[in-house]
Amino acid sequence: MSVANAIEPAAPSTVKAYLKPIDAEGLAAFAAKGRANPASRGTNKVHTAMQGMYRSLSYVGDHQPVVVDEPLHLFGENTAPAPGEIVLSGLGGCLAVGITAVATWKKVRLSRLEIFLEGDIGNPAAWGADGALKEAPDMGFQAIRVKVVVEGDASREVLDGIVQHANFYSPVANSMRNPIPFEIALA
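These numbers were taken from a predicted model, which means no experiment stands behind them.

Asker: In this structure, what is going on with a nonpolar patch on the surface? I would like to understand it.
Answerer: A cluster of nonpolar side chains, namely M50, M53, Y54, F75 and W127, defines an oily patch on the protein surface of about 580 Å² accessible area. Structurally, the position occupied by M50 is in strand β1 (residues 47-52). With a relative accessible area of 52%, M50 lands in the exposed category.

Now the structure itself:
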């Protein structure tokens, strides 16, 4: 048999795995409920208990506690993420939920979704422990940058539209962008 008559091996095919989908019918019912009562609100509840130094445990429902600490250079023990990092984690999680929901609504299957967040945070007042006066540089996050890596069965333009739509409607992103009433008092 000549080389010209040899059977060519088939080109390898790539199998694309998609992320586990959410319940599209449940999402549609939840959306309909929101359209019917746009003023509806839920309540998130967290109980935080200090362990010592800057390490605390926050209890949310029946989940394992969320552990928070400060890094060594801020006098913590660096046993867990800092509070600002937990805030960015919440933002990343909310954006991921939103992107997944919008993609489901638009019938786009996602094969990859990763979110990278950075936040520039100021604490010149040393948490109010005799640092700079409040009139000094602003406290808290001064800038947040988010980069989204998303892949699926849609064009880059469609995926970007999904990301932008999810950002616009993200409850956590909107909580960070917009002033909200805030109360604190002794129990």
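Asker: For this particular structure, what's the right way to read the pattern of salt bridges?
Answerer: Pairing between side chains of opposite charge can happen when the charged atoms of each approach one another. Tallying each qualifying case throughout the model produces 5 salt bridges. Linking R112 and E114 is a salt bridge whose minimum nitrogen-to-oxygen distance equals 2.9 Å. Taking relative accessible area as the criterion, E114 reaches 32% and is therefore assigned partly exposed. For R112, a relative accessible area of 32% gives the class partly exposed. Through salt bridges with shared partners, one network takes in R112, E114 and E151.

Asker: Would you mind going over the layout of surface pockets with me for this structure?
Answerer: Remark: the empty space left among the atoms is shown by a probe the size of a water molecule rolled over them. Volume-wise, the largest pocket comes out at about 2200 Å³. Lining the largest pocket are 44 residues, and of these C94, Y169, S170, P171 and V172 sit closest to its centre. Secondary-structure elements contributing two or more residues to the lining of the largest pocket are α1 (24-36), α2 (83-105), α3 (156-169) and α4 (171-177). With 13 residues, the single largest contributor to the lining of the largest pocket is α2. Split into classes, the residues belonging to the lining of the largest pocket amount to 25 nonpolar, 14 polar and 5 charged.

Asker: What am I meant to see in the packing of aromatic side chains here?
Answerer: The relative placement of two aromatic rings is captured by the distance of their centres and the angle of their planes. Inspection of the entire model under this criterion finds 2 aromatic pairs. An angle of 50° between the planes, with centres 5.2 Å apart, marks the rings of Y54 and W127 as tilted. Of this pair, Y54 sits in the loop between β1 and β2 (55-59) while W127 sits in the loop between β4 (110-122) and β5 (140-152), and the two are 73 residues apart along the sequence. For W127, a relative accessible area of 43% translates into the label partly exposed. Ring centres of F168 and Y169 lie 4.9 Å apart, and the angle between their planes is 80°; on these two criteria the pair is classed as edge-to-face. Of the residues examined, F168 reaches a relative accessible area of 58% and is grouped as exposed. With relative accessibility at 55%, the residue Y169 sits in the exposed group. One Lys or Arg, R109, reaches over the ring of Y18 and ends 4.0 Å from the middle of that ring.

Asker: For this particular structure, what's the right way to read the environment of T48?
Answerer: Structurally, T48 is set in strand β1. C-alpha of T48 to C-alpha of L113: the two residues are 65 residues apart in sequence and 30 Å apart in space. Filtering out sequence-adjacent residues up to four positions away, T48 remains in contact with S56, L57 and S58. Of the polar contacts made by the side chain of T48, one reaches the side chain of S58; its length is 2.7 Å.

Asker: Even after reading the chapter, I still don't get the sheet that holds β1, so can you show me in this structure?
Answerer: Ordered by their spatial adjacency, 3 strands build an open sheet running β1-β2-β3, and the pairing between neighbours is antiparallel. Of all strands in the sheet, those with a lone pairing partner are β1 and β3 (66-68), marking the two edges. Ignoring which end each strand starts from, the neighbouring axes of this sheet average 25° apart. Bridging between β1 and β2 involves 5 bridges; their strand directions are antiparallel.

Conventions we followed
Residues numbered from 1 in each chain as written. Predicted model: local features only at pLDDT ≥ 70, side-chain atom pairs only at ≥ 80, totals over all residues. Heavy atoms only, no water. Patch = residues over 30% accessible without salt bridge, like charges linked within 9 Å, V, L, I, M, F, W, Y side chains within 5 Å. Areas by Shrake-Rupley, 256 points an atom, 1.4 Å probe, with all protein chains shown as cover. Salt bridge = Lys/Arg side-chain N within 4 Å of Asp/Glu carboxyl O. Helix = DSSP H or I, 4+ residues; strand = E, 2+ residues; numbered from the N terminus. Buried < 20%, exposed > 50% of the residue type's maximum accessible area, 1.4 Å probe, protein only. 1 Å grid on protein atoms, 1.4 Å probe; cavity = no way out; pocket = protein on both sides within 12 Å on 5 of 7 lines; lining within 4 Å. Points joined across faces, edges and corners; volume = space filled by probe spheres on them. Nonpolar A, V, L, I, M, F, W, Y, C, P; charged D, E, K, R; others polar. Phe/Tyr/Trp six-rings, centres within 6.5 Å; stacked < 30°, edge-to-face > 60°. Lys NZ or Arg CZ within 6 Å of the ring centre and 35° of its normal. Contact = heavy atoms within 4.5 Å. Polar contact = N/O pair within 3.5 Å; in protein donor to acceptor, adjacent residues only side chain to side chain. Pairing = 2+ DSSP bridges. Axes fitted to C-alpha atoms, helices over the stretch in contact; angles between N-to-C directions.

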